[in-house]
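In case you want the letters, here they are:
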Amino acid sequence: METTSILARDLAALGRVTEGTSAESVLRGITEAVARGVPGCAGGTAELWMEERVLLAASHSELTVLIDRERDLREGPSREALSTGRPMAIPDVMRESRWSRYAATAVRHGVRSVLVVPIAVEGAVVIIGLYGVRPGVFSSGGTLMALLREQVTVALANIWEFDDVLTGAAQMQEALAGRSVIDQAKGIIMSKSGCSAEEAFEELRRVSQHHQVKVADLAKLLVTEHQQKHGGAAPA
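Each value, and the rule that gives it
- Think of each chain on its own: its residues are numbered from 1, step by step along the sequence as written.
- In keeping with the predicted nature of the model, local features appear solely for residues at pLDDT of at least 70, side-chain atom pairs appear and are counted solely at 80 or more, and the whole-chain, interface and lining totals rest on all residues.
- Excluded from the side-chain calculations are hydrogens and water; all other atoms, namely the structure's heavy atoms, are used.
- Every case where a carboxyl oxygen of Asp or Glu lies within 4 Å of a side-chain nitrogen of Lys or Arg is listed as a salt bridge.
- Helix and strand assignments follow DSSP, with helices taken as H or I runs no shorter than four residues and strands as E runs no shorter than two, numbered in order from the N terminus.
- Buried residues are those whose accessible area, probed at 1.4 Å on protein chains only, stays under 20% of the maximum for their type, while exposed residues exceed 50% and partly exposed ones sit between those limits.
- Here, expected helix span is obtained from the residue count minus one, scaled by 1.5 Å.
- Directions from the helix axis toward the C-beta atoms define the arc.
- Strand pairing is assigned whenever DSSP detects at least two bridges linking the two strands.
- Orientation is described by axes fitted as lines to C-alpha atoms, over the contacting stretch for helices, and by angles from 0 to 180 degrees between their N-to-C directions.
- The contact criterion used throughout is that any non-hydrogen atoms of two residues lie within 4.5 Å.
- Within this scheme, the nonpolar core is defined by two criteria: the residues are buried Ala, Val, Leu, Ile, Met, Phe, Trp, Tyr or Cys, and they are joined through side-chain atoms within 4.5 Å.
- By the definition adopted for this analysis, an angle is roughly parallel if under 35 degrees, roughly antiparallel if over 145, roughly perpendicular if from 65 to 115, and oblique otherwise.
- In this scheme, a crossing is called left-handed if the near helix is turned counterclockwise away from the far one by less than a right angle; it is called right-handed if the turn is clockwise.

Asker: Describe the pattern of salt bridges, with residues and values.
Answerer: A full pass over the atoms with the stated rule returns 8 salt bridges. We note a salt bridge from Arg112 to Asp92, for which the minimum N-O separation is 2.9 Å. A residue pair is termed long-range when its members are at least 10 positions apart, and Arg112 in the loop between α5 (100–108) and β4 (113–121) and Asp92 in the loop between β3 (88–90) and α5 qualify at 20 residues. A residue is classified by how much of its surface remains accessible, and Asp92, at 14% relative accessible area, is buried. Residues participating in the shared-partner salt-bridge network are Glu47, Asp68, Arg71 and Arg79.

Asker: Before we move on, could you go through the environment of Ile128 and cite the residues and values that matter?
Answerer: Examined against the element boundaries, Ile128 turns out to sit in strand β5 (residues 124–132). Under the relative-accessibility criterion, Ile128 is labelled buried at 0%.

Asker: Would you mind going over helix α8 (residues 215–229) in detail, with residue names and values included?
Answerer: Residues lying three or four places apart along an α-helix face the same way, a consequence of the helix completing one turn every 3.6 residues. Along its 15 residues, α8 runs 21 Å from first to last C-alpha, staying within 8% of the 21 Å computed at 1.5 Å per residue. Of all the residues in α8, the buried ones are Val215, Leu218, Ala219, Val223 and His226. Down the axis, α8 shows its buried residues gathered within 135 degrees of arc, on one side only. Residues Lys220 and Gln228 are exposed on α8 and point more than 90 degrees away from its buried face.

Asker: A description of the sheet that holds β3 should follow, citing residues and the corresponding values.
Answerer: The sheet built from 5 strands is open, its strands ordered β2-β1-β5-β4-β3 with antiparallel pairing. Both outer strands of the open sheet, β2 (53–58) and β3, are each paired with one neighbouring strand and no more. Taken pair by pair, the neighbouring strands of this sheet meet at an average axis angle of 15 degrees, ignoring direction. Here strand β1 (residues 43–50) runs beside β2; their pairing, made up of 6 bridges, is antiparallel. Directly across from Met50, in β2, lies its bridge partner Arg53.

Asker: Could you give an account of helix α3 (residues 61–73), naming the residues involved and the relevant values?
Answerer: Its 13 residues give α3 an end-to-end C-alpha distance of 19 Å, which sits within 8% of 18 Å, the value for a rise of 1.5 Å per residue. Taken together, the buried positions of α3 are Leu63, Leu66, Ile67, Glu70 and Leu73. Along the axis of α3, the buried residues cluster in a sector spanning 125 degrees; they form a single face. The outward face of α3, more than 90 degrees from its buried face, is lined by the exposed residues Ser61 and Asp72. For α3, the secondary structure elements touched by its buried residues are β1, β2, α4 (77–84), α5 and β5. A positive phi of about 60 degrees marks Arg74, the residue just after α3.

Asker: Pulling in residues and values, what's your account of unusual backbone geometry?
Answerer: Look at Arg74: it is not a glycine, yet its phi comes out positive at around 60 degrees. For Arg74, the location among the structural elements is in the loop between α3 and α4.

Asker: I'd like a rundown of the nonpolar core, residues and numbers included.
Answerer: Of all hydrophobic cores here, the largest spans 31 residues; its most connected members are Val126 and Leu130. Only α1 (5–13), α2 (23–37), β1, β4, β5 and α6 (142–193) provide two or more residues apiece to this core. Considering every element that reaches this core, the biggest residue donor is α6, with 7 residues. Apart from residues no more than four positions distant in its own chain, Val126 is found in contact with Leu27, Glu47, Leu48, Val117, Pro118, Ile119, Val121, Val152 and Leu156. If you look at the next biggest cluster of nonpolar residues, it comprises 18 residues, including Met88, Ile90, Val93 and Trp99.

Asker: I'd like to hear about the side chain of Arg79, residue by residue, with values.
Answerer: Among the secondary structure elements, Arg79 is positioned in helix α4. The exposure class assigned to Arg79 is buried, which follows from its relative accessible area of 14%. Contacts of Arg79, omitting those with residues within four sequence positions, involve Glu47, Trp49, Glu70, Arg71 and Arg74.

Asker: Can you tell me about the packing of α3 against α5, naming the residues and giving the values?
Answerer: Relative to each other, α3 and α5 sit at 165 degrees, their axes nearing to 10 Å. Judged by the inter-axis angle, α3 sits roughly antiparallel to α5. For the crossing formed where α3 meets α5, the hand is right-handed. Listed contacts from α5 to Leu66, Arg69, Glu70 and Leu73 of α3 are Arg101, Tyr102, Thr105 and Ala106.

Shown next, in the form of structure tokens:
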């Protein structure tokens, strides 16, 4: 089986992460890429398994039904690939003897050949399914599987790294906001008691520990009460 330049291009594009990119969009892109770029492939599925949770994307609704039925039956190439970590191929569904109930369902949905590729990615497993409407259209070609493993691993790693960056930025923004409101609360305490900034912070910390609340939450409450008493004015 030859992988086309279209498949390589489309899979590589999945690794370019933007703000709107998600695991779901990458899985959907995988199914569209294999259906468009693998010779003989009429449709694709992609399952992301993480800690017994699963995300599923499919190029066609019939394939979603087939995957759901495979889970219910607890038999089929995707289940076998997930449990063994090995690629699974069905050259002709009509001659399949390992998973007869799955094969009957696949035939009803127009599927005649299947290739399933498992890919381990940072504590997760992606199961990619390729489906043909004619028998014998897939082989266990190493070039295709190597391309899928490389590009899918890169795409998902980029998403998770991007998510970590966004999370870190949000946490930093929250920390800066908390620091600002703490400084305002210190100013209120200093103006009322004539103490130093260090003494004002120690008083905030003492009261927060006594009431078992965060210093930032206590500071926010103090600033809000001050603004309500003084018509919304910020502390000097």
